[in-house]
Amino acid sequence: MNLLTTINTDNLPKHLAIIMDGNGRWAKQKGLLRAFGHENGTKSVRITVEACAKMGVEFLTLYAFSTENWNRPKLEVDTLMKLLISSLKKELDTLQKNNIRLNCIGNIDLLPITAKKELLAVIEKTKNNSRMTLTLALSYGSREELLNAVKIICNKVKNNIISIDTLDESIINQHLYTHNLPDVDLVIRTSGEHRISNFLLWQIAYAEFYFTDVLWPDFKEDDLYEAIISYQKRERRFGKTSEQIK
């Protein structure tokens, strides 16, 4: 059965966010170094990005590297940074072919100079693409994002740029890394873990969640379609009753 044909394209998540988990365990199960898991994970990234663009998802955000990931062994971090650079170079043609704009959230000043330079170059080259926005969360942590926003807003209040009486959710949104993105509709996490891991805490306030035991390197089109189908079976009430929604 072709799962894609069962998806209602009029009821897609506008913003899909994915916590790509399980690369290390995938490699360990096969007796390989963790680096091989990360490398094979890039294949699932390509498959997922192209499938989302084909379906009509407008915004896709991938949790690629958290602020906490800097604490991993240096060899693994170095491998991830090299993989980031090579992937950006390799996938530029795919982004252009599919009319996908690359975006990034996180403290990218912590990235190695070469990685940051390549990232910004691809962002610049794809800035006019309009089919889908692909956001990479790199050196990203939601608590750090919120703390930075609070500091900036407090400074603006102090200097009479913002009145505390007018402070509302929209002003907070404007000072987040995701100021140019809508709230998340669906979060997918692979590998069987049931955690948010400091990811988009503000933006997922009313998101639906889908957890799968599939390890990220094994995540393919049908796994994505199953998540979308599950999402489409749910009633999103945003605090209202079922009667009010109907």
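Scroll up to find the structure.
Since the structure is predicted, the reported quantities are computational estimates derived from the model, not experimental observations.

This paragraph deals with helix α4 (residues 113-125). Taking 1.5 Å per residue, 13 residues should reach 18 Å; α4 reaches 18 Å between its end C-alpha atoms and fits that length. Where the residues of α4 are buried, they touch α3 (74-97), β3 (100-105) and β4 (132-140).

Moving on: the packing of helix α2 (residues 34-55) against helix α7 (residues 221-232). As a packed pair, α2 and α7 sit with axes 9 Å apart at the nearest point and diverge in direction by 50°. The orientation of α2 with respect to α7, classified from their angle, is oblique. In this structure, α2 meets α7 at a crossing whose hand is right-handed. In contact with Ile47, Thr48, Ala51, Cys52 and Met55 of α2, α7 contributes Glu221, Leu224, Tyr225 and Ile228. Its residues placed into classes, the contact of α2 with α7 shows seven nonpolar, one polar and one charged.

What follows deals with the pairing of β3. Burial analysis of β3 places six of its six residues in the buried class, which makes it a mostly covered element. What you see with β3 is no split at all: Ile100, Leu102 and Cys104 on one side and Arg101, Asn103 and Ile105 on the other are buried throughout. Pairing between β3 and β4: six bridges, direction parallel. Of the residues in β4, the one forming a bridge with arginine 101 is threonine 133. Taking the sense of rotation as the criterion, the β-α-β connection linking β3, α4 and β4 turns out left-handed.

In this section: the environment of cysteine 52. Within the secondary structure, cysteine 52 is located in helix α2. For cysteine 52, a relative accessible area of 0% puts it in the buried group. Remark: the alpha-carbon pair of cysteine 52 and leucine 134, spanning 82 residues in sequence, is separated by 9.8 Å. Those residues in contact with cysteine 52 that lie beyond four places of it in its chain are Leu16, Val57, Leu60, Met132 and Leu224.

Moving on to the packing of aromatic side chains. Across all of its chains, the model carries seven aromatic pairs by this definition. Between phenylalanine 65 and tryptophan 70 the ring centres are 4.7 Å apart and the planes differ by 70°, which places this aromatic pair in the edge-to-face class. Given the relative accessible area of 2%, phenylalanine 65 is considered buried. By relative accessible area, which is 26% here, tryptophan 70 ends up partly exposed. Measuring from ring centre to ring centre gives 6.2 Å for tyrosine 140 and phenylalanine 199, while their planes differ by 90°; the resulting arrangement is edge-to-face. Residue tyrosine 140 is located in strand β4, and its partner phenylalanine 199 is located in the loop between β5 (186-189) and β6 (208-211); the two are separated by 59 residues in the primary sequence. Each member of the pair, tyrosine 140 together with phenylalanine 199, is buried. Put simply, the rings of Tyr63, Tyr140, Tyr177 and Phe199 pair up and form one aromatic cluster.

Estimates place the volume of the largest pocket at around 1200 Å³. Around the largest pocket, the lining comprises 48 residues; the ones closest to its centre are Met20, Asn23, Tyr63, Ala64 and Phe65. At the level of elements, α1 (23-29), α2, β2 (59-66), α3 and β4 are the ones that each hand at least two residues to the lining of the largest pocket. Counting residues per element, the lining of the largest pocket draws most heavily on α3, which supplies 12 residues. In this structure, the second largest pocket spans a volume of roughly 190 Å³. If you go around the second largest pocket, the residues you meet are Glu169, Asn173, Asp183, Val184, Asp185, Trp202, Gln203, Ala205, Tyr206, Ala207, Arg236 and Phe238.

Conventions and cut-offs
Residues numbered from 1 in each chain as written. Predicted model: local features only at pLDDT ≥ 70, side-chain atom pairs only at ≥ 80, totals over all residues. Heavy atoms only, no water. Helix = DSSP H or I, 4+ residues; strand = E, 2+ residues; numbered from the N terminus. Expected span 1.5 Å × (residues − 1). Contact = heavy atoms within 4.5 Å. Axes fitted to C-alpha atoms, helices over the stretch in contact; angles between N-to-C directions. Parallel < 35°, antiparallel > 145°, perpendicular 65-115°, else oblique. Left-handed = near helix turned anticlockwise from the far one by under 90°. Nonpolar A, V, L, I, M, F, W, Y, C, P; charged D, E, K, R; others polar. Buried < 20%, exposed > 50% of the residue type's maximum accessible area, 1.4 Å probe, protein only. Pairing = 2+ DSSP bridges. Right-handed = clockwise from strand over helix to strand, strands pointing away. Phe/Tyr/Trp six-rings, centres within 6.5 Å; stacked < 30°, edge-to-face > 60°. 1 Å grid on protein atoms, 1.4 Å probe; cavity = no way out; pocket = protein on both sides within 12 Å on 5 of 7 lines; lining within 4 Å. Points joined across faces, edges and corners; volume = space filled by probe spheres on them.

As far as function goes, none of this settles anything; it's purely spatial.
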